[in-house]
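# A structural walkthrough
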Amino acid sequence: MIKTSSKVKIIAVMNQKGGVGKTTTVVNLTACLAEAGMSVLALDVDPQANTTSALGVKPRLTIYDVLTRGEKIADSITSTVQKNLMLVPSDIRLAAAEVELLQMEKREHVLANALADLVGFDYVFIDCPPALGQLTVGALTAAHSVLIPIQCEYFALEGVGQLMKTIQMIKKTTNPKLTVEGVVLTMLDGRTNLGLQVAEQVKKHFKGGVYASVIPRAVRLSEAPSHGLPINLYDTKSVGAAAYRALAAEFINRN
């Protein structure tokens, strides 16, 4: 069971299919929520550490130290370039945590226990790896809900059935209160009929669970991570910034 304060909502951002805009959504949605006045923590649980680098953070203590060495999560929290947005960073050592966690008792609850006393945030967003391993199971066990980014491309729904089975499995075993927060459509190319058709297909599949705010395929969104900035700071007037601000507003309204 989740022991975290009810005032802190924990959202795992996950899709077992890679390249769907998962990290882009974590970085930019959290930044826009923080820009709107929310107190937000991004938690990088992906060994690739793309959320960490995209927010311009050079880590000292990381989530690896928290999960495997018993460090307090509060000691690993660091500030980012965005006011009101903090980060628990990751590094490549986290890849070894999959094996190390297997040797621990109640390994599924290690992250949940680390987050149990966390206070001072409105939202925590966990950037999960694009695979169902111990890190992802731990993130889903710790979370209140799952946000699913889906790319507006052919085979968009590929793997979604398995993802929903995974969520059901977690509900039955380690986290009965886990819900689906919603679905974010990403990388929409409005010039093609395919992108629009896929968007309609996803909306039919998830019915009312899809956010109205759709993230476009945009060059500035692709450039921002290399500068260590979220899109609202990298190019505040871009279509990408407008899209993520709209998504942040919709997210706040839903909550």
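For the structure given in this document, a descriptive report is provided here. On a predicted model such as this, the values are computed, not experimentally measured, just so you know.

Thresholds, definitions, all that
Residues numbered from 1 in each chain as written. Predicted model: local features only at pLDDT ≥ 70, side-chain atom pairs only at ≥ 80, totals over all residues. Heavy atoms only, no water. Helix = DSSP H or I, 4+ residues; strand = E, 2+ residues; numbered from the N terminus. Contact = heavy atoms within 4.5 Å. Core = buried A, V, L, I, M, F, W, Y, C linked by side-chain atoms within 4.5 Å. Buried < 20%, exposed > 50% of the residue type's maximum accessible area, 1.4 Å probe, protein only. Salt bridge = Lys/Arg side-chain N within 4 Å of Asp/Glu carboxyl O.

### Remarks on the environment of Leu111
- Its place among the elements puts Leu111 in helix H6 (residues 110–114).
- Along the chain, Leu111 and Ala142 lie 31 residues apart, while their C-alpha atoms are 6.2 Å from each other.
- Once residues within four sequence positions are removed from consideration, Leu111 is found in contact with Leu43, Val45, Ile63, Leu67, Ile126, Gly138, Ala139 and Ala142.

### Some thoughts on the nonpolar core
- Counting residues in hydrophobic clusters, the biggest one holds 49 residues, and the most contacted among them are Leu43, Ile63, Leu111 and Ile126.
- Other than its neighbours up to four places away in sequence, Ile126 contacts Ile10, Ile11, Ala12, Val13, Leu43, Val45, Leu111 and Ala139.
- Leu55, Val184, Ile231 and Phe251 belong to the second largest nonpolar core, which has 34 residues in total.

### So, the pattern of salt bridges
- Throughout the structure, instances matching the rule amount to 11 salt bridges.
- A salt bridge links Asp127 to Lys22, with the nearest nitrogen and oxygen atoms 2.6 Å apart. A residue pair is termed long-range when its members are at least 10 positions apart, and Asp127 in strand S5 (residues 123–127) and Lys22 in helix H1 (residues 22–35) qualify at 105 residues. Each member of the pair, Asp127 together with Lys22, is buried.
- The shortest N-O distance in the salt bridge between Arg220 and Asp235 comes to 2.8 Å. Here Arg220 is found in helix H10 (residues 219–223), whereas its partner Asp235 is found in the loop between helix H11 (231–234) and helix H12 (239–254), with 15 residues between them in sequence.
- Connected via shared salt-bridge partners are Asp65, Arg69, Asp91 and Arg93.

Purely geometric stuff here, so don't read any function into it on its own.
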